[in-house]
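In case you want the letters, here they are:
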Amino acid sequence: MTADPPAGTPAGQGGDTPAEQPVDTASVVVDAPPDHVWDMVADVTRMGEWSPECTSCRWLGKRHEPVVGARLGGFHKRGWARGLTTNEVEQAERGRSFVFRVRETGVRWGYHLDGDAGTTTLTETRALSSARTWLIRLFGPFTGGVDRHADELRAGMAETLRRIKAAAEAPA
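So, how was this worked out
Residues numbered from 1 in each chain as written. Predicted model: local features only at pLDDT ≥ 70, side-chain atom pairs only at ≥ 80, totals over all residues. Heavy atoms only, no water. Helix = DSSP H or I, 4+ residues; strand = E, 2+ residues; numbered from the N terminus. Buried < 20%, exposed > 50% of the residue type's maximum accessible area, 1.4 Å probe, protein only. Areas by Shrake-Rupley, 256 points an atom, 1.4 Å probe, with all protein chains shown as cover. Core = buried A, V, L, I, M, F, W, Y, C linked by side-chain atoms within 4.5 Å. Contact = heavy atoms within 4.5 Å. Pairing = 2+ DSSP bridges. Phe/Tyr/Trp six-rings, centres within 6.5 Å; stacked < 30°, edge-to-face > 60°.

Engineer: What's the story with the overall build of the protein in this structure? I'm lost.
Structural biologist: For the protein, the helix and strand inventory stands at four helices and seven strands. Counting helices and strands in the order they occur from the N terminus, the protein gives β-α-α-β-β-β-β-β-β-α-α. Taken across its 172 residues, the protein has 42% of its residues classed as buried. In the form shown here, the protein has an accessible surface area of approximately 9,000 Å², with 55% of it arising from carbon and sulfur atoms.

If you want it as structure tokens, here you go:
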């Protein structure tokens, strides 16, 4: 598992494109085909099984499937703080990518898959390039601090991927 590039990496060093640089990434190799792994990460109702901070998700509105434009609600727990975010799917390509944007903060979370019939490299990204950082900093003191939370999110990404890998590789 990797966690590169670190928070604050200048634009142009790593990431997808200059317009959307991931602040954080983590990757894991999963012994399962990309379509199977994608079906797991794109089933947002299972997010509470993977994430140490997001306790559950559910589809909102008319679309209850992983398609561009679909909305989802995420319920989060961090210490004593509890919260709800609304999110919109921005990429949904089976076996390749599932990306959503948090409407309140502008943060983009994504899962990118690369592989063949037997193995998948699954990469989780957290991108802040279009984020409302003023809002994140405003609420930071109430949730233990912005920098500390960013460290927890990076650790949580690695834990999320470990849990997805374990579930994907478990006997049926």
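So much for the structure itself; the text now carries on.
Engineer: Before we go on, may I ask you to explain the nonpolar core in this structure?
Structural biologist: Across soluble globular proteins, nonpolar side chains show a tendency to be buried alongside one another. Membership of the largest hydrophobic core comes to 31 residues, with the highest contact counts inside it found for Val37, Phe98, Tyr111, Leu122 and Ile164. Listed by contribution, the elements that provide at least two residues to this core are strand 1 (22-30), helix 1 (34-42), helix 2 (47-50), strand 2 (54-60), strand 5 (97-102), strand 6 (108-115) and helix 4 (146-169). If sequence neighbours within four positions are ignored, Leu122 has contacts with Ala26, Ser27, Val28, Val30, Val37, Val41, Tyr111, His112, Leu113, Leu161 and Ile164.

Engineer: Would you mind showing me how to read the environment of Gly61 here?
Structural biologist: Along the chain, Gly61 falls in the loop between strand 2 and strand 3 (71-78). A relative accessible area of 44% places Gly61 in the partly exposed class. Counting along the chain gives twelve residues from Gly61 to Gly73, while the straight-line C-alpha distance between them is 10.0 Å.

Engineer: Before we go on, may I ask you to explain the pairing of strand 5 in this structure?
Structural biologist: Regular strands place their side chains on alternate faces of the sheet. Counting buried positions along strand 5 yields six of six residues, so the element is predominantly enclosed. Residues Ser97, Val99 and Arg101 point to one face of strand 5 and Phe98, Phe100 and Val102 to the other, with burial holding for every one of them. Where strand 4 (residues 81-93) meets strand 5, six bridges bridge the pair, whose relative direction is antiparallel. Residue Glu88 lies in a different strand from strand 5, and its bridge partner there is Arg101.

Engineer: Would you take a moment to explain the packing of aromatic side chains for this structure?
Structural biologist: For any pair of aromatic rings, the description consists of the separation of the ring centres together with the inter-plane angle of the planes. Tallied over the full model, the rule gives two aromatic pairs. Look at Trp38 and Phe98: their rings are 6.3 Å apart centre to centre, the planes differ by 90°, and that puts the pair in the edge-to-face class. Placement of the pair is Trp38 in helix 1 and Phe98 in strand 5, with a sequence separation of 60 residues. Each member of the pair Trp38 and Phe98 is classed as buried. Note on Phe98 and Phe100: the rings are 6.1 Å apart at their centroids and 55° apart in plane angle, and the pair reads as tilted. Here the aromatic cluster, defined as three or more aromatic residues joined through ring pairs, consists of Trp38, Phe98 and Phe100.

None of this, on its own, says anything about what the molecule does.
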